Amino acid sequence: MSDDSFIREVEEELRSDRLKKVWNQFGAFIIGAAILIVVATAAWRGWEYYSERQASASGDRFLAALNLANEGKSDEALTALQALEDDGYGAYPVLARMRAATVLEEKGDAAGAVAAFDEVAADGSAPDAVRDMARIRAAYILVDTGTADQVAERAEPLSADTSPLRHAAREALGLAAWKDGRLGDSKVLFQQIVDDLNAPRNAKQRAAIMLDLIKSSGEVQEG
């Protein structure tokens, strides 16, 4: 036997002895870790399956409630949405609250709709984007049914240049100011929408129409 072969055999024996010692010391932990990984993976897959099933079921219920609302069956839609608020999964409960508020508005219950939107806006567990949208929806209803101060309370914080909803907020504020006879304030707000390069086209068009109305109103007053 050559020296190289002998050395290799000795090294293999040493490695084998080391492996045996490691296994004797940590074998139980290694097996336990492997079992834990398998169990955790199975639990995660089970949770994913459960989540998908629950989300799918809630989605089907939400769609059914929307269909009822679209068919004019407001009371049935509200009942279905209330049930979804109570035991829906994921984002569907808060979506159901928003849609229920819209159904109340469509029924002519402006006060109830504003109260429902305000509840969503005040809910710290709801996503910020949804809460802000609820504030805007309440503000628009109050343009027709409330005061300019009530509109401002909800829309003004969202009218800053950095707010994604600034165009809608400024529109609500502008309409409230116009209704209140404050044509100068209204003009400023609608001009901001027209001048904003990032404003949606339809928002710009509505703002331009309002600016024409304000101009016409001013000319009539002067005359």
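Below you will find a few notes about this structure. (Residues numbered from 1 in each chain as written. Predicted model: local features only at pLDDT ≥ 70, side-chain atom pairs only at ≥ 80, totals over all residues. Heavy atoms only, no water.)

### Details of the packing of helix H3 (residues 92-106) against helix H4 (residues 110-121)
- Two elements in contact, H3 and H4, have axes separated by 7 Å at closest approach and are oriented at 160°. Regarding the angle of H3 to H4, the classification is roughly antiparallel. In this structure, H3 crosses over H4, and the sense of that crossing is left-handed. Mapping the contact onto sequence places Val94, Arg97, Met98, Ala101, Thr102, Leu104 and Glu105 in H3 and Gly112, Ala113, Ala116, Phe117, Glu119 and Val120 in H4.
- Residues that form the contact of H3 with H4 fall into these classes: eight nonpolar, two polar and three charged. (Axes fitted to C-alpha atoms, helices over the stretch in contact; angles between N-to-C directions. Helix = DSSP H or I, 4+ residues; strand = E, 2+ residues; numbered from the N terminus. Parallel < 35°, antiparallel > 145°, perpendicular 65-115°, else oblique. Left-handed = near helix turned anticlockwise from the far one by under 90°. Contact = heavy atoms within 4.5 Å. Nonpolar A, V, L, I, M, F, W, Y, C, P; charged D, E, K, R; others polar.)

### Section: a nonpolar patch on the surface
- A surface patch of nonpolar side chains, amounting to about 270 Å² of accessible area, comprises Trp178, Ile209 and Leu213.
- For Leu213, the position within the fold is in helix H9 (residues 201-222). (Patch = residues over 30% accessible without salt bridge, like charges linked within 9 Å, V, L, I, M, F, W, Y side chains within 5 Å. Areas by Shrake-Rupley, 256 points an atom, 1.4 Å probe, with all protein chains shown as cover. Salt bridge = Lys/Arg side-chain N within 4 Å of Asp/Glu carboxyl O.)

### Points about the nonpolar core
- Leu81, Phe117, Val151 and Ala155 are the most contacted members of the largest nonpolar core, which has 42 residues in total.
- For this core, the secondary structure elements donating two or more residues are helix H1 (3-70), helix H2 (74-87), H3, H4, helix H5 (128-145), helix H6 (148-155) and helix H7 (166-179).
- Broken down by element, this core gets its largest block of residues, eight residues, from H5.
- Contact partners of Ala155, with chain neighbours within four places excluded, come to Ala139, Ala169, Ala172 and Leu173. (Core = buried A, V, L, I, M, F, W, Y, C linked by side-chain atoms within 4.5 Å. Buried < 20%, exposed > 50% of the residue type's maximum accessible area, 1.4 Å probe, protein only.)

### Concerning the packing of aromatic side chains
- With the rule as written, the count across this model stands at one aromatic pair.
- Pairing Phe62 with Tyr92 gives two aromatic rings, centres 5.8 Å apart and planes at 55°, and the pair type is tilted. Linking Phe62 in helix H1 with Tyr92 in helix H3, this pair joins segments that are 30 residues apart in sequence.
- Among the residues examined, Tyr92 registers a relative accessible area of 24% and is labelled partly exposed. (Phe/Tyr/Trp six-rings, centres within 6.5 Å; stacked < 30°, edge-to-face > 60°.)

### So, the packing of H5 against H6
- Packing of H5 against H6 brings their axes to within 8 Å, and their N-to-C directions diverge by 165°. When the interaxial angle is binned, H5 and H6 end up roughly antiparallel. Along this stretch, H5 crosses H6, giving a crossing that reads as left-handed. Across the interface between the two elements, Arg135, Ala138, Ala139, Leu142 and Val143 of H5 pack against Gln150, Val151, Arg154 and Ala155 of H6.
- For the contact of H5 with H6, a count of residues per class yields six nonpolar, one polar and two charged.

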